[in-house]
Amino acid sequence: MSTGSSTRVITTHKLLEMKQRGEKISMLTAYDYTSARIVDQAGIDIILVGDSAANVMAGHETTLPITIDQMIYHAQSVMRAVKNPLVVVDMPFGTYQGNPKEAVRSAIRIMKESEADAVKMEGGAEIMESVERILSTGIPVMGHLGLTPQSIHKFGTYAVRAKEEAEANKLIEDAIALEKAGCFAIVLEKIPAALAKRVSEQLSIPTIGIGAGKWCDGQVLVMHDMLGLNNTFSPRFLRRYGNMYEEYLKAFQNYVADVKSGDFPNESEQY
Ligand code: KIV
């Protein structure tokens, strides 16, 4: 059952306090009821209903095709499961880049229909007006800088970002501007660890890294990647906490074999 954000244990304010006392913040993606329940029980601080659902749930090459209706469906499923973590929902590509009015409409739809706690948006100066308008409605916003997968066709590659001074300086300026605008945290994706350290030290709001090194205030991974469900994706930053691809495969193979042999169901598995 959704408990609503008023009873949420982790709040944006608590995240700020965690940074202040040097307590690391854990964040993981989830897209469905069953796995969100387990993630909640594990004690995660933030669940991100990421638009990476486009990749790991729907099999798309990029995050671009996922729609706002699909994101709301995933967010509703997660919200029915969780009590403790703050739930952040990615605003999907095309729902906020165009104009601030449309951005506000999209964010309000996500918050009203999913009852999640916050939205996440990719980009800096170029989307600042939309960020400010959404914040002015009272919706908490998490920023996302560095490798921003919704811009993959501009970058042309998923390689590490901001290695050059000019891009690193722009990232720092964007991070400061997002904090000034009122964002409660910023995801830093695939940037040099030294740059993430500089940003984390300059900001009072928490940074959450993915491929951004150990000095971020928190870390995020995509659930399917850290579980080893996706056996074709092995970037350097990914630590696998399981080999679920093999576990699933073994279970499915055993089931097929048991059905074929007539071993399943047995006497005690029938009425
Ligand atoms: O969509 C997603 O899963 C994300 C994380 C990689 C931060 O944005």
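Here is a short report on the structure shown in this document. (Residues numbered from 1 in each chain as written. Predicted model: local features only at pLDDT ≥ 70, side-chain atom pairs only at ≥ 80, totals over all residues. Heavy atoms only, no water.)

**Some points on the overall build of the chain**
When its secondary structure is counted, the chain shows 11 helices and eight strands. Taken against the 2.2 N^0.38 rule, which gives 18 Å for 271 residues, the C-alpha radius of gyration of the chain at 20 Å falls within 12% of a compact globule. Dimensions of the chain, computed from C-alpha atoms along their principal axes, come out at roughly 65 × 40 × 40 Å. Going through the 271 residues of the chain one by one, you find that 48% of them count as buried. Counted over contacts in the chain with a minimum sequence separation of 6, partners at least 24 positions apart contribute 59%. Accessible surface computed for the chain: about 13900 Å², of which carbon and sulfur atoms make up 53%. (Helix = DSSP H or I, 4+ residues; strand = E, 2+ residues; numbered from the N terminus. Rg over C-alpha atoms; globule rule 2.2 N^0.38 Å. Buried < 20%, exposed > 50% of the residue type's maximum accessible area, 1.4 Å probe, protein only. Contact = heavy atoms within 4.5 Å. Areas by Shrake-Rupley, 256 points an atom, 1.4 Å probe, with all protein chains shown as cover.)

**Describing a nonpolar patch on the surface**
Judged by side-chain polarity, Tyr-255, Val-256, Val-259 and Phe-264 come together as a nonpolar surface patch covering roughly 360 Å² of accessible area. Inspection of the secondary structure assignment puts Phe-264 in the segment after helix 11 (244-261). (Patch = residues over 30% accessible without salt bridge, like charges linked within 9 Å, V, L, I, M, F, W, Y side chains within 5 Å. Salt bridge = Lys/Arg side-chain N within 4 Å of Asp/Glu carboxyl O.)

**Structural notes on the pattern of salt bridges**
Following the criterion strictly, the structure yields 10 salt bridges and no others. Ionic pairing is found between Asp-217 and Lys-19, a salt bridge with its closest N-O pair at 2.8 Å. Pair noted here: Asp-217 is in the loop between strand 7 (207-210) and strand 8 (218-221) and Lys-19 is in helix 1 (residues 12-20), with a separation of 198 residues, a long-range link. Residue Asp-217 is classed as buried on the basis of its relative accessible area, which comes to 14%. The shortest N-O distance in the salt bridge between Glu-167 and Arg-161 comes to 3.1 Å. Residue Glu-167 is classed as partly exposed on the basis of its relative accessible area, which comes to 29%.

**Here's the deal with the layout of surface pockets**
When its volume is computed, the largest pocket comes out at roughly 750 Å³. If you list the elements that add at least two residues to the lining of the largest pocket, you get strand 1 (25-29), helix 3 (53-56), strand 4 (118-122), strand 6 (185-189) and helix 10 (223-226). Grouping the amino acids of the lining of the largest pocket by side-chain chemistry returns 14 nonpolar, 11 polar and eight charged. (1 Å grid on protein atoms, 1.4 Å probe; cavity = no way out; pocket = protein on both sides within 12 Å on 5 of 7 lines; lining within 4 Å. Points joined across faces, edges and corners; volume = space filled by probe spheres on them. Nonpolar A, V, L, I, M, F, W, Y, C, P; charged D, E, K, R; others polar.)

**Overview of the site of the ligand**
The environment of the ligand is made up of Thr-29, Leu-48, Gly-50, Asp-51, Ser-52, Asp-90, Lys-120, His-144, Val-187, Glu-189, Ile-210 and Val-222. Within the side chain of Ser-52, an N or O atom sits 2.5 Å from an oxygen atom of the ligand. Asp-90 places a side-chain nitrogen or oxygen 3.0 Å from an oxygen atom of the ligand. Protein burial of the ligand: of its 260 Å² of free accessible surface, 96% is covered by the chains. The cavity that encloses the ligand is the largest pocket. Of the residues that constitute the shell around the ligand, the class distribution is four nonpolar, four polar and four charged. (Near = heavy atom within 4 Å. Polar contact = N/O pair within 3.5 Å; in protein donor to acceptor, adjacent residues only side chain to side chain. Sits in = over half its atoms within 2 Å of the grid points.)

**Here we look at the nonpolar core**
Grouped together as the largest cluster of nonpolar side chains are 61 residues, with contacts concentrated most on Ile-47, Val-131, Ile-134 and Leu-188. It is helix 4 (residues 68-79) that provides the largest number of residues to this core, a total of six residues. Setting aside chain neighbours within four positions, we find Val-131 in contact with Met-121, Val-141, Leu-178, Ala-181 and Cys-183. The next biggest cluster of nonpolar side chains, apart from the first, holds 17 residues, and it includes Met-18, Phe-184, Ile-208 and Val-220. (Core = buried A, V, L, I, M, F, W, Y, C linked by side-chain atoms within 4.5 Å.)

**Focus: the environment of Pro-85**
Locating Pro-85 in the fold gives a position in the loop between helix 4 and strand 3 (86-90). Since its relative accessible area comes to 0%, Pro-85 is described here as buried. Distance from Pro-85 to Asp-117, taken between C-alpha atoms, is 9.5 Å for residues 32 residues apart in sequence. With residues up to four places along the chain from it excluded, the contact list for Pro-85 reads Arg-8, Ile-10, Asp-40, Ile-44, Asp-45, Ile-46, Ile-47 and Asp-117.

**Notes on the packing of helix 4 against helix 5 (residues 100-114)**
Angle between the axes and distance between the axes are the two parameters that describe a pair of packed helices. Taken N-terminus to C-terminus, the directions of helix 4 and helix 5 make an angle of 35 degrees; their axes are 9 Å apart at the nearest point. In this structure, the crossing between helix 4 and helix 5 has a hand that is right-handed. Contacts from Ile-68, Asp-69, Ile-72, Ala-75, Gln-76 and Met-79 in helix 4 reach Ser-106, Arg-109, Ile-110, Glu-113 and Ser-114 in helix 5. Per-class residue counts for the contact of helix 4 with helix 5 are five nonpolar, three polar and three charged. (Axes fitted to C-alpha atoms, helices over the stretch in contact; angles between N-to-C directions. Left-handed = near helix turned anticlockwise from the far one by under 90°.)

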